Every structure is written in structure tokens, then in C-alpha cells.
Amino acid sequence: MAAEKIDKLYETAIADLLLPGVSLLAGDKNGNILYSKSFGKASQRPGRQDEPFTAESTIAAIASMSKLMTAVAVLKASPAGIGQRGILTGFDDQKNLGVIQSLAADTPITLRMLLSCTSGIEYDFMNPDLEKWRASRNEIPWSGPTVEDKSAGLLTSIPGTRFAYSGGADWAGKAIETVFSTTLEDFMHQHIWKPLGIENHVAFWPEKRPNMKDRIATLSTLTELGEPPVKDEPDFDIRFGGRDCLGAGGIFSTAKAYYTFLSALFRRDERLLTASSYTELFRPQLDEKLEQSFNDYLAQSPAHTQFLGMAVPAEVRKTWSFAGMVCLDAVPGRVEKGTILWGGVPCCTWFMNFEGGVCGTAVCQVLPPMHPVIVGGLHAKFQGHVLEITRDS
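Every value quoted in this text rests on a predicted model; they were computed, and no experiment measured them.

Calculation criteria
Residues numbered from 1 in each chain as written. Predicted model: local features only at pLDDT ≥ 70, side-chain atom pairs only at ≥ 80, totals over all residues. Heavy atoms only, no water. Buried < 20%, exposed > 50% of the residue type's maximum accessible area, 1.4 Å probe, protein only. Helix = DSSP H or I, 4+ residues; strand = E, 2+ residues; numbered from the N terminus. Arc of directions from axis to C-beta. Polar contact = N/O pair within 3.5 Å; in protein donor to acceptor, adjacent residues only side chain to side chain. Salt bridge = Lys/Arg side-chain N within 4 Å of Asp/Glu carboxyl O. Pairing = 2+ DSSP bridges.

K.L.:
Explanation requested: helix α4 (residues 128–136) in the structure shown.
P.N.:
Residues spaced three or four apart along an α-helix point in a common direction, a consequence of the helix completing one turn every 3.6 residues. Residues of α4 that are buried: Leu130, Trp133 and Arg134. Along α4, the residues classed as buried sweep out an arc of 100° about the axis, all on the same side. For α4, the N-terminal capping position is held by Asn127, with its side-chain oxygen 2.9 Å away from the main-chain nitrogen of Asp129. Phi for Asn138, located one or two positions after α4, is positive at around 60°.

K.L.:
I tried to follow the pattern of salt bridges on my own but got confused; where do I start?
P.N.:
Opposite charge on two side chains lets them pair, provided their charged atoms get close. Enumeration according to the criterion identifies 18 salt bridges in this entry. Taking the shortest distance from any N to any O, the salt bridge between Arg134 and Glu139 comes out at 2.9 Å. Relative accessible area serves as the criterion here: at 7%, Arg134 is assigned to the buried category. The class of Glu139 is partly exposed, set by a relative accessible area of 26%. As a salt-bridge pair, Lys174 and Asp244 come within 3.4 Å of each other at their nearest N and O atoms. Of this pair, Lys174 sits in helix α6 (residues 168–180) while Asp244 sits in the loop between β8 (231–232) and β9 (252–254), placing them 70 residues apart in sequence. Pair check on accessibility: Lys174 and Asp244 agree, each one buried. Three or more residues are tied together by salt bridges with common partners; here these are Asp124, Arg134, Arg137 and Glu139.

K.L.:
I tried to follow the sheet that holds strand β7 (residues 220–221) on my own but got confused; where do I start?
P.N.:
The strands making up a sheet associate through hydrogen bonds between their backbones, and the pairing can be parallel or antiparallel. Pairing in this open sheet of 3 strands is mixed, and the strands run β8-β7-β15 from one edge to the other. Each end of this open sheet is capped by a strand with a single partner; those strands are β8 and β15 (366–367). Sheet analysis places β7 next to β15, joined by 2 bridges and oriented parallel. Counterpart to Thr221 in the pairing with β15 is Leu367.

Here you go:
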């Protein structure tokens, strides 16, 4: 019965042109698949409109769902920390200059800060003053080929004092590359993807792989009002000119490959991490002050709420782990207390409901980013219906 509800939910979304295609997978703590189904097409581009969106074959940009893989890579590698200097405290519109406070050279930025979004780094598109500072230097926010180009600018707070959503995982990935003299892609291939048997279905650069390049889904977008019909979006570069392996948002994967990874974490598969590393991955990383900072950040603007809130009600207290956002309260009919979840720009999401004994992912390729009708109206209901499946069985 619950599975039929999921079917109807997404069949209607496809028929209403809210989604071009989507794959959904969910399973339990024993590795059993509870739900696996795909709907619609992988592309609306002329010449590709007959290609089905499938969990096994379609490779999709997962954007910030990459952060979870990078956190696992860091816990596997445990390299040394890195640092930056200089804090942007405001912007003088009349002078067209940033108000910059110096930062002591020995102020550390640790890997813990990078993975918990407390390093002082912040995505410039999430901070109006950073956007203005970028514009004053004739720079486009979060653009350029390297991690340094994208986020080697000013901090927005003293490290360790404030939550701010960032590409800290990009820098954590660079630390791995520096310490191990390899690319982040090669490190993940050896230590994560190959042990799980998913190495032919996940990559930072699938367009360069002969066995992947013809399987990549294209992005689509709703109207300017965020309404159907969805249409092809050929001009959106999800890497914004990036040439580095972006640990915070640069991975492409099939839904099945990502679910295989997610399920392995959920079951604490020893092929990936030790018991103590799993504890570190999942535990809340924010103290009381930083937890309040995180909740305030989510409520800072409608854009912050939409982009980061995962359609979880504002009254639900939240904190942050290396894995993602932790719900400190239950959301009735959706997730239990302690559930960890996160997502990525093209309205992709994943969840691990430990008390409910279920995990899952929903992978699609639709803009605007994290649209509430899709994340809240579809994927949140999917999470709740998966819980129903366990209760029906």
C-alpha cells in the first residue's frame, strides 16, 4: 500500500511535467531493498528524449550530496588541517570596498571545522557582503577552475565561532590530494568506490569516461515562478567552470551507486570505516552556541530556508554532523528523532533514519535548487512512505 502511494506520487509528478525523471531507492538496516523504482526520462534534450531515467544506468550530478563522500574520505585519510587569513565583517557600498578585519596568522582552520561548516568560510552566494566584495573585484561568485578561485577569499567569521554553509569539503578534499599526492577522485576510487563495486557508476568527470559519457542525465528547469512545465536547461554549468575535484559538490553518480554507498554507511560497513570513525561521522559536531547559530542561519532568509532547510519544519531543532543535518526532534509521518539527511542542488536528497531502521535517496536533475514543491512535496513524502513500508511488512 505504501509503495503504491510512492508510485502514484511520482507518476503524477511526471505526468504534470513537474519532473522529467527520477530514481528512488530505500532499504533497511540489514541491507534489504524496501523500494526501488524509476520514472520518466533522463533528458529533455532533442535527440535524447526517449532515454529512460534508471537507477542502474543514469548518471546524475549529485552536487552537495558529494559532501558525505568527502567526509568519509577524510575520516579514511585523516590528513593535516589547512588555514586562511582575513575576515570580511561588512561592505562599504559608497566606497565599493569590503570591510576587512585581520586574522592572526596562527589562527587554525581544522578539518573538523571544514566538515562542520564552522571554519569561517562561506559560499559567497549565501552572503550578500561576499557577493558585493566579489563584484568589487570584477569576479563572479563561486566561479573559476580551481578551489582557490572559488573560495580562497575572505572569511566571514573567526574560525570555530559561527555556522555558515560553505565549500569547506572542497578544501578538505584538497588536503587529501596534498597529503597523498593523488587526486580526490583517485583516492575515492581506491578507498570507497572500488571496495563497494560502484567504480563504473560514479566519477567527478563522467564525460571523460567512455563507459559513462553517454549515460549522463541533463538538467531541466521549472518556470521562473518555479512551476511546470519543466524544460531543458542547456546553459547551467553545475561546476561553474570548475576543473578541480570539488569535494563539496562535484560528484556524478547513478542513484543505485549512491544508494549502495549510503546503505554501506547506514550498516557501518567495515570496508569503509572503523567503528570509531562511524561514531565520529554521525555524531553532532556543534556545541550549544554553534547549534543555535546553525538554526539561526537556516532562518536567515527564505533562500537559506529553501536551499538548506530540507523542507523540515522550522520548529524542529537541528544540528550538524560530518554526514549532514541532524533532526533533534521527530517529524511525525516523515522521520524519527536523530535522522540525518542532506541534498544537492538539482533537488536530490538522501536520508538515514536510524530509529526507523531505514535509509534512502531520491535522485533527479531539476532546478531551481532544492525546490520546496519537489523536496517537500515529493521527497519528504517518499521518506514517510518508506517508514510505512516497514510497518506494513
